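# A structural walkthrough
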Amino acid sequence: MDKRPPPYFPQSSLSPNDENRYRKFKLIVGALIAGGGLIVLFLLFLAYRAIAWYFSG
């Protein structure tokens, strides 16, 4: 019982590789960057409107 080898753990994935994995990753990253850019532009627009409102009255 002491001399048996350790259990076998496969080094490769048991599911087949997805052909479009890198494409999906690029689309997700691009969407996140575009969404972040839109949020930044919206915040800049709000700051501009707030400053214009403050100095108009």
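In the block above lies the structure referred to throughout.
Let me begin by describing the structure that accompanies this report.

Cut-off values and rules
- As a convention, each chain's residues are numbered from 1 in the sequence order in which they are written.
- Residues qualify for local features only when their pLDDT is at least 70, as the model is predicted, and side-chain atom pairs are given and counted only at 80 or more; totals for whole chains, interfaces and linings, by contrast, use all residues.
- As a rule here, side-chain values cover all heavy atoms of the structure and leave hydrogens and water aside.
- Helix numbers and strand numbers start at the N terminus; a helix is a DSSP run of H or I with at least 4 residues, a strand a run of E with at least 2.
- Just to be clear, the radius of gyration here is over C-alpha atoms, and the globule rule we use is 2.2 Å times residues to the power 0.38.
- The classification of residues rests on relative accessible area computed with a 1.4 Å probe and restricted to protein chains. Under 20% of the type maximum is buried, over 50% is exposed, and intermediate values are partly exposed.
- All accessible areas in this document rest on Shrake-Rupley with a 1.4 Å probe, and a residue is counted as covered only by the protein chains that are shown.
- Here a patch means residues that are over 30% exposed by relative accessible area and free of salt bridges, tied together within 9 Å if like-charged and within 5 Å if nonpolar (Val, Leu, Ile, Met, Phe, Trp, Tyr).
- Basic side-chain nitrogens of Lys or Arg form a salt bridge, by our definition, when they fall within 4 Å of a carboxyl oxygen of Asp or Glu.
- Pairing of aromatic rings covers Phe, Tyr and Trp, the last through its six-membered ring, and needs centres within 6.5 Å; plane angles under 30 degrees mean stacked, over 60 mean edge-to-face, and all others mean tilted.

### Quick word on the overall build of the protein chain
A count of helical and extended segments in the protein chain gives one helix and zero strands. Relative to the globule expectation of 10 Å for 57 residues, the C-alpha radius of gyration of the protein chain, 27 Å, shows a markedly less compact shape. Taking the principal axes of the C-alpha coordinates as reference, the protein chain spans close to 85 × 30 × 10 Å. The buried share among the 57 residues of the protein chain stands at 0%. Roughly 6,200 Å² of accessible area belongs to the protein chain as shown, and the carbon and sulfur atoms make up 68% of that amount.

### A closer look at a nonpolar patch on the surface
There is a patch of nonpolar side chains on the surface, built from Ile39, Phe42, Leu43, Phe45, Leu46 and Tyr48 and spanning about 660 Å² of accessible area. Its place among the elements puts Tyr48 in helix α1 (residues 21–56). Overall, the relative accessible area of 57% leaves Tyr48 in the exposed class.

### Some points on the packing of aromatic side chains
Applying the stated criterion across every chain yields a total of one aromatic pair. Plain terms: the ring middles of Tyr54 and Phe55 are 5.2 Å apart, the flat faces sit at 80 degrees to each other, and that makes the pair edge-to-face. The same class applies to Tyr54 and to Phe55, which are both exposed.

### Focus: the pattern of salt bridges
Under the counting rule described, the total for this entry stands at one salt bridge. For Lys24, the salt bridge identified is with Asp18, shortest N-O distance 2.9 Å. The class for Asp18 is partly exposed, based on a relative accessible area of 39%.

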